[in-house]
Every structure is written in C-alpha cells, then in structure tokens.
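An overview of the molecular structure
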Amino acid sequence: MAEPTHAPAADGALKRNITGTMLFLFILGDVLGAGIYALVGEIAGEVGGVTWVPMLVALLMALLTAASYAELVTKYPRAGGSAVFAERAYKRPVVSFLVGFCMLAAGVVSASGLALAFSGDYLGTFIDVPPELGAIVFLALIGALNARGIKESVSANLVMTMIETSGLVLVVVAVAVFMSGGGGNVSRAVSFDADSSPVVAVFGAALLAYYSFVGFETSANVIEEVRDPSRVYPKALFGSLAVAGVLYMLVGTAASIALSSDELSESSGPLLAVVEETGVAVPAWLFSLIALIAVANGALLTMIMASRLAYGMGNQGLLPSAATRVLPNRRTPWVTIASTTLVAMALTATGSVATLAETVVLLLLFVFVSTNAAVLVLRRDPVTHEHFHAWTAVPVLAVISCLVLLSQQSADVWLRGGLIIAVGVALYALTKAMRTRDRAAQSD
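The structure presented is a predicted model; accordingly, all values stated were derived computationally and were not measured.

Reading the values: the criteria
Residues numbered from 1 in each chain as written. Predicted model: local features only at pLDDT ≥ 70, side-chain atom pairs only at ≥ 80, totals over all residues. Heavy atoms only, no water. Helix = DSSP H or I, 4+ residues; strand = E, 2+ residues; numbered from the N terminus. Rg over C-alpha atoms; globule rule 2.2 N^0.38 Å. Buried < 20%, exposed > 50% of the residue type's maximum accessible area, 1.4 Å probe, protein only. Contact = heavy atoms within 4.5 Å. Core = buried A, V, L, I, M, F, W, Y, C linked by side-chain atoms within 4.5 Å. Salt bridge = Lys/Arg side-chain N within 4 Å of Asp/Glu carboxyl O. Phe/Tyr/Trp six-rings, centres within 6.5 Å; stacked < 30°, edge-to-face > 60°. Axes fitted to C-alpha atoms, helices over the stretch in contact; angles between N-to-C directions. Left-handed = near helix turned anticlockwise from the far one by under 90°. Nonpolar A, V, L, I, M, F, W, Y, C, P; charged D, E, K, R; others polar.

Quick word on the overall build of the protein
Helix and strand content of the protein: 16 helices and zero strands. By the compact-globule yardstick of 22 Å for 444 residues, the protein fits well, its C-alpha radius of gyration being 22 Å. Considered along the principal axes of its C-alpha atoms, the protein spans approximately 80 × 50 × 45 Å. The buried share among the 444 residues of the protein stands at 54%. Once local pairs closer than 6 in sequence are excluded, the contacts in the protein between residues at least 24 apart make up 85%.

Structure (structure tokens):
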C-alpha cells in the first residue's frame, strides 16, 4: 500500500513537498551536472571519436546500481539511504556508519570540487575574485538556500536543470546546423584511438563517463520528502538516467563530428570549443553562464543530499543527536546543513577539482557495492507495502561492474580515500563514546 500523499508532518519529521515531476527533475539536474561540460574532451582523449560507446557502457553500469536503489528505496522509504540499507542488511552499526559516512563524505567532497570549479575560469569570465574566496561565498549561498526549504531548493533546481539541459541541446543543434552546411566529419564518431586497444580504451573512458552519471543515488536521501514514493520513485529514477544517457551520447557524438579527439582533449572547455567551431552565433559569455548554472545546480543538490543523509544518520544514532534538529517552521535540518557547509568550505583548500572528483568516485563505489549486496541480503525481509523488485541477476552484475571500476583507480586516490575512511572510524568512536556517556548520565 502506498503511503499517504498528504499526511501531516510529525514533530521532528520532514515535510512531503516533492512530487514525481519534481523528483524526476531533481535526479536529472544532479546527473546533468558539471561533468559532461568538462569530461567530453578527456573521454575523447582516452577512446578517440567514439565517445558515445563508453558513455553507453557507463549508463548501463549506472542502471544496474540504480535498480538496486529503486528496490531498497521503495522498500524502506526513509532518509539515510545507503546507511539505512546497510543497517538492515548487515546488523552492525559500524558498517552502517561507514557506508553512510562514505556517502556523506563523497557528497561534501563533491560540493567542494564543484565550488572550486564554479569560482575558477567560468566565474572569471564575469568577475575576478580569488578562487578560494569565491568558493566559500558560493557554498554559503548554497547553504542558505538549502536551509530555506526543500521546496524552494527543488524549485530552483527545476529552473537550473532546464537551463543546463538547454546548453547541451544547443551543442547538438549547433553541430546539426554545422553539418547541414557541409562541416564536420561524421567518420570520426565511429573511429577508435589508433594507439590503444578498443576494449582497454572503452573501460578506461567509462570510468570518466561514470562520474557524469553519479548523482542519482542522492535521491534516496530525500525520500521522506517525496509524495507516494513507491509509485513515483522508480519512474523518476530510470527516466532521468535514460534522458541523461541519450543527451550525453548525442553531445559526445556531436562533439566528435565537430572536432578531432586531439582538439577536444586539449581544450579545458570542450563544449564551448565545439560551439565556436560550428560558427553558430552563441556568445562565449552565454555558454560560460550555462556552465556556471550547471555547476551550481550540482552543488545545490549534492548539499541537499549530504544534509539529509546526516539527518538520517542522526536518527539512527550514528551521529550525535544534534544532527536531528530541524527549524521549527521550515522543517529543514539546520544543524546538518550548517556542519556540512562548513566542512565543504574547509575542503576547498585541500586539493584540485580533478583530485576531489576522483575521490568522490572511489567513495561512491564502496557505497554502491554495499547497496547492491544489501538487495540480496534483504530479500528475506519482506514488507507489507508494494515496492519495486529487481531481477536477482541485476545486483550481482552491479557488484561486478563496481569492482571493475574500482580496479581502474590510482594509488593516490586509494590513499586519499583511506584517510577519509580513517576519519570516519574516529568519528564513529567519538559518537559511540558520547552516546555511552549520555546513557550513563541519564541512569544516574
């Protein structure tokens, strides 16, 4: 049975303000983030002109894990996402904490990288400010919008998603006009890099393309604010990934037709270079503005996820009880919003955008392995309401795909990820000690 769509919020509960359409745009906006605007060139450098092949491979890998999320999110519609699933499946608080912490850390690290990307060359087109200062101000504004309310945040996402999607459509249309005038080279779109093995090149490029698809998992952490989640969540999840995949493959193909793989890989703004090559009258400042909006949208949705995940972990007793505090009228988790924003600000001084992005992927793959395995473990835990059910082979294939992607990570990224997990272990020990002290004080 579906949950009531308009049930009043209990004290301390989140408000159900997200409709199916809003959820679809939420996920689409998070997936269609800054990645595609920057990574097309790097993918072309790995695989040649057939950029659509690794994008298709990455999409299929993402859909495998998305099916696991669809089953577990509709089965257990609570904020906390992967941490909730791990708690139910493995019955060990430390495992649940580490899964949730990896997800939380990935979100905050990602927001830091996006803030640096926002305050770099794109913002420099309009105003000259130190990147670190620009990143901090940017994150403060994101935090304020997040605290105002989920409805306002998702409404802002709707506008920004439309703008960033129009930017991708603009690339495809510009290249189509270019081709109609005899420009471009269609044969490049079916040509692999002659200097590398096609199979090796595709999987190497798929790791980069996979980063462009991550973001769908954040939707699990706003499920308590979604109306009728069992019905609308699977449609919104698979629909948004399918739309993103089609757009990515069209954009990648268009880019390869307009420019060679060498030209794409040498550009720090490959899609802008593509539009300029077509000769279509699109001002550079306009495309830079679209890219800024794409980055801002990704950061907003990532910070929504991080704050709601921390709130869910607080309800589970995996973080201090202060994490469950919400604003009286807005019903937004203000403590977790403030703390995740401050940590993201601090992380902007610890590494480059590329390093932060690679760390995000590593942390998320750990989370995905846990979630896919949890699907199989929790098959023996039936619930009374209807929910999505994935074929048994799907989570198995999803685990294998995650392990393949983990094997592509560098030693430096593994070291950075290990340090972050060590911080998580220390935080878990601290939280456990605080809970023990509080129980002792209450017994006295």
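Digging into the nonpolar core
Judged by nonpolar contacts, the single largest core of 137 residues is most densely connected at Tyr37, Tyr69, Tyr210, Phe216, Leu237 and Phe368. With sequence-adjacent residues up to four places away left out, Leu237 is seen in contact with Ile27, Ala66, Tyr69, Ala70 and Phe216.

What to know about the pattern of salt bridges
Side chains carrying opposite charge are able to pair once their charged atoms draw close together. This model, assessed by the stated rule, comprises two salt bridges. Across the pair Glu71 and Arg379 runs a salt bridge, and its minimum N-O distance is 2.8 Å. Here Glu71, found in helix 3 (residues 52–75), pairs with Arg379, found in the loop between helix 14 (353–377) and helix 15 (393–406); they are 308 residues apart in sequence, far enough to count as distant. You can call Glu71 buried: its relative accessible area is 1%. On the accessibility criterion, Arg379 (26% relative accessible area) is partly exposed.

Overview of the environment of Ala374
In this fold, Ala374 is placed in helix 14. When the C-alpha positions of Ala374 and Phe85 are compared, they lie 6.4 Å apart, and in sequence the two are 289 residues distant. With near-sequence residues (within four places) excluded, Ala374 lies in contact with Leu72, Phe85, Ala89 and Tyr90.

Here's the deal with the packing of aromatic side chains
This model, assessed by the stated rule, comprises eleven aromatic pairs. Here Tyr69 and Phe85 contribute two aromatic rings whose centre-to-centre distance is 6.3 Å and whose plane-to-plane angle is 70 degrees, an arrangement assigned as edge-to-face. Linking Tyr69 in helix 3 with Phe85 in helix 4 (residues 82–90), this pair joins segments that are 16 residues apart in sequence. Of the two residues, Tyr69 and Phe85, both sit in the buried class. Within the aromatic cluster, the residues linked to one another by ring pairs are Tyr69, Phe85, Tyr210, Phe216 and Phe368.

Details of the packing of helix 1 (residues 20–31) against helix 9 (residues 229–258)
Closest axis-to-axis distance for the helix 1/helix 9 pair is 8 Å, and the angle between their directions is 40 degrees. The two elements helix 1 and helix 9 cross, and the hand of that crossing is right-handed. Mapping the contact onto sequence places Gly20, Leu23, Phe24, Ile27, Leu28 and Val31 in helix 1 and Val232, Tyr233, Ala236, Leu237, Gly239, Ser240, Leu241, Val243, Ala244 and Tyr248 in helix 9. For the contact of helix 1 with helix 9, the per-class residue count stands at 13 nonpolar, three polar and no charged.

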